[in-house]
Amino acid sequence: MNWHSLPSDKITEELKTSESGLTDTEANLRLLKDGFNEIAEKKGTPIYKIILNQLSDTMVLILIGAAFISGFIGDLTDTLVILFIVFANSIIGFFQEYNAEKALSSLRKILPRTARLFREGKLKTVPIREIAFGDLIELEAGDSVPADIRLFEVHSLSVDEASLTGESLPVDKHTEVKLPNDMHLADRVNMCYKGTYIVNGRARGFAVNTGVRTELGKIAGLLDTRAPQTPLQIKLKSFGLRLSILIIFLCIVFFCIGFVQGRESKEMLFTSLSLAVAVMPESLPALITIALALGANTMVKKKALVNKLSAVEALGSVSYICSDKTGTLTMNQMEVEDCLERSSGESLLFHTMALCNDVVESEEKGFLGEPTEIAIYKYALKMGFKKSQSNKVYKRISELPFDSIRKRMSTIHKCKWEPNNIILTKGAIESVLSVCIFENSTEKKKLEEQANELAKNGQRVLGFAYKKMPKEFDSKQRDMETGLIFLGVVGLLDPPRETVKQSIQECTEAGIRTIMITGDHPLTAKSIAERIGIIRNSEDSVMTGKELESLGVEELAERLNTTRVFARVTPEQKLNIIQAIQKKGQFVAMTGDGINDAPALKQANIGIAMGITGTDVSKEAADIILLDDNFSTIVTAVKEGRRIYDNILKFIKYTFITNSSEMFTIVIAGLLGFPLPVYPVHILWINLVSDGLPGISLAFEKGEDNLMTRPPRNPNESILNQKFLIKTLLIGLLIATITIYSVSVFIETFPNEWRTMAFTILSCSQLAQLLTIRSMQPFYNSGFFKNPFLALTVSLTFGIQVLILYLPFTQKVLKVQPLTGKQLIICISISFYLFCLFEMKKLFSAKVQSKRKNTGLEG
């Protein structure tokens, strides 16, 4: 039912009620039929399902299988170590998922607990959940609207709908109006909506929608959509599946080769188990989580609070930022932009601006009143006219309050210097001009043209006028506001934040497209967009919600190429825009602060809420909260996200090289008929200790020089692309080849210690690889101590690696032998030789790249 388009006299008929309200019996029957006026909270995922989700990952299942095989063949130590790793990773994942979203809870918290309504002609206060369809509700200033209400009696009512519609100013409401069926939500002046606030006046109206059928309830329904996976989540899922298939394939092939060679089944099973553990990146999920958490901690220091860790890396893929206007790009605070006054009445104009309002100054809370009036009074103060001083000259004795029919207000004052009183009037420019007198029509036309020019710039235009009055007057006489003398006009606007324009420019340089999505008026939205650089040329266009309704998904996706501003859009339309961008293969960050932004914030790849002005609903639906409400913090967050993702990729590369070197070592040894070079427990130690702490230290690496001058990374690009695979496998093969060659020498020279030496070479070689993979710059530029945590962890890990060779307990658990000084120096020298090879390769690559750049062949 389009309640806003129904005539007032038809409302009670459709609702089957009266101006006395429902009876208690009828209200209870309707509550039984329609349900309570509340938004049901969705039950969270049961704990057992979260646990099963963690254990159902393909890589985890393979590790569990490896643990059982190890136990079956009699190696309990390896079984316990593998199961411990599975348990530790699952615990981390469990607590991540267990942190349930609370957006629906916040929607309930913002609502009042009781409401005033009429039942059988008597005014009652009832719990909000007991409001029934058709109840007659009373509203007054300060109330939060408890249901969607069709107004039928209004007295100077204005409503703050910013959190629902994005409208930056309170909306004046009235009932004597005929509205079309397709009228935009923000323009339905005869309706009040659940969760909005009464700023001024009082009213009565009928509850036409309750609970989940309200506009707020629809938003709650939109919040049930599943949040999209981030780029890294998608890639790791693909990575894990492909890697798992590779592991199973290699193990089967290797077992078959051993069987053909005539080796014992138990030996080949043990070797295949070692191969599975070698290839499996056990610590990868946990260490990526830790790296993201460290990045999130860094971002908090830069005023960006991370709600969901996965959002940190996704920032690097963001190619679109869809921003709400009010409170995000703008100050959410009206200011006088232009003031045009008659030279003869300048002083009186500023007296009028200071006096013709209901603004109150409070030492504790500052200025209290309607935002437009506060902005006008602040301008009068700026010009040197304070209300208390002006009131000494023109003492207020009466008033004609603002109403939505006249669209103006007047105050009557006693003049200190002359016997007459004076009436000061303020209101919509067309309303004030209609009651003024002019010497000729040309003067009025010129004023109208000036006002229209301000309106085209997106400003709210108000006029001021006055006239002298006799001492004796009747405040109810209708002709008081006639024959006025025009004083001047002001244009008001919610201005852009100071740093926004520069931030949008930085986004453009980083290959990120910024789009404004707002419920505000198209002219206002366009004006702000032009000021801050979202609209740059004539090809950049503005689209309204009404235009958007007629577009299909394909058409909308096509129009996104030129549309930079969407105005007068509903929450559902914001959601549609986000989804259309995502269907183009783009990753979207959505910023906002209102209830109306919450569904889009959740649907976006990155939802960014305002920490100061944002509602609880928007904050909990978001992935990141800006603690300073500063749009420029987004740029900082994107830069940090790119740095973190780069470092995670370095860790993945490091892990893959480590695991491939272990895999090649086992495979080559098996093919050459050598005994197993390292045990599964050795591989686990390397993967968890030698890779673990040093791997985490990569999270502290500074960003590369081209961090914010390159385009967003392609979210569809696979981690295991051809270039990555060839590069990492070749390095892994090099490490394995040198290790196997060393084994072939040591197996006769050091018959008791050769396996421990192979283990030590592999472990130290990983540390050598870490030192060179940490930066694109040569080691002498990146330096050992420029990342203190890396210097500490590499030194500590090396010390532990040496120490385990000589402690009786670790010798038993890790199956190692103590090495002599000579043997240890040999192992370290081989690893250092590998480090030198890696650095030479990096220097050669840098020279080739530089030569290509100088000859114009880059890329």
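Structure: above.
As the structure is a prediction and not an experimental result, all values here were calculated from the model. (Residues numbered from 1 in each chain as written. Predicted model: local features only at pLDDT ≥ 70, side-chain atom pairs only at ≥ 80, totals over all residues. Heavy atoms only, no water.)

Caption draft 1: The arrangement of unusual backbone geometry in detail. In this structure, E120 is a non-glycine residue whose phi angle is positive, near 55°. Relative to the helices and strands, E120 is located in the loop between β1 (114-119) and β2 (122-127). A positive phi angle is found at S156, which is not glycine, with a value near 50°. Along the polypeptide, S156 turns up in strand β4 (residues 148-160). We classify S156 as partly exposed; its relative accessible area is 29%. (Helix = DSSP H or I, 4+ residues; strand = E, 2+ residues; numbered from the N terminus. Buried < 20%, exposed > 50% of the residue type's maximum accessible area, 1.4 Å probe, protein only.)

Caption draft 2: Up close: the packing of aromatic side chains. A complete count under the given rule lists 10 aromatic pairs for this structure. Relative to Y377, the ring of F367 lies with its centre 5.9 Å away and its plane at 80°, an arrangement referred to as edge-to-face. Note that F367 is positioned in strand β12 (residues 366-368) and Y377 in helix α15 (residues 371-382), a separation of 10 residues in sequence. By relative accessible area, Y377 is classed as buried at 1%. (Phe/Tyr/Trp six-rings, centres within 6.5 Å; stacked < 30°, edge-to-face > 60°.)

Caption draft 3: Broad picture of the sheet that holds strand β13 (residues 394-403). Strand order in the open sheet formed by 6 strands is β10-β17-β16-β15-β14-β13, with antiparallel pairing between adjacent strands. One side of each edge strand has no neighbouring strand; the edge strands of this open sheet are β10 (335-341) and β13. For this sheet the average axis-to-axis angle between neighbouring strands, irrespective of direction, equals 20°. Note that strand β16 (residues 460-469) and strand β17 (residues 485-493) share 7 bridges and pair antiparallel. When the sheet's bridge partners are listed, R460 is paired in β17 with L492. (Pairing = 2+ DSSP bridges. Axes fitted to C-alpha atoms, helices over the stretch in contact; angles between N-to-C directions.)

Caption draft 4: Structural view of the packing of helix α30 (residues 754-773) against helix α32 (residues 788-803). Where α30 contacts α32, the axes come no closer than 11 Å and their chain directions differ by 175°. On the basis of the axis angle, α30 is roughly antiparallel to α32. Contact residues: F759, T760, S763, C764, L767, L770 and L771 in α30; L790, V794, T797, F798 and Q801 in α32. Among the residues forming the contact of α30 with α32, the class breakdown is 8 nonpolar, 4 polar and no charged. (Parallel < 35°, antiparallel > 145°, perpendicular 65-115°, else oblique. Contact = heavy atoms within 4.5 Å. Nonpolar A, V, L, I, M, F, W, Y, C, P; charged D, E, K, R; others polar.)

Caption draft 5: Expanded view of the sheet that holds strand β22 (residues 606-610). Spatially, β8-β23-β22-β21-β9-β18-β20-β19 is the arrangement adopted by the 8 strands of the open sheet, whose pairing is mixed. Each edge of the open sheet carries a strand with a single partner, namely β8 (304-306) and β19 (541-544). Here the average twist between neighbouring strands, direction ignored, is 25°. Most of the contacts of helix α23 (residues 571-583) go to strand β21 (residues 588-592), to which it runs at about 160°, and overall it touches β9 (320-323), β18 (513-517), β20 (563-567) and β21.

Geometry only, nothing functional implied.
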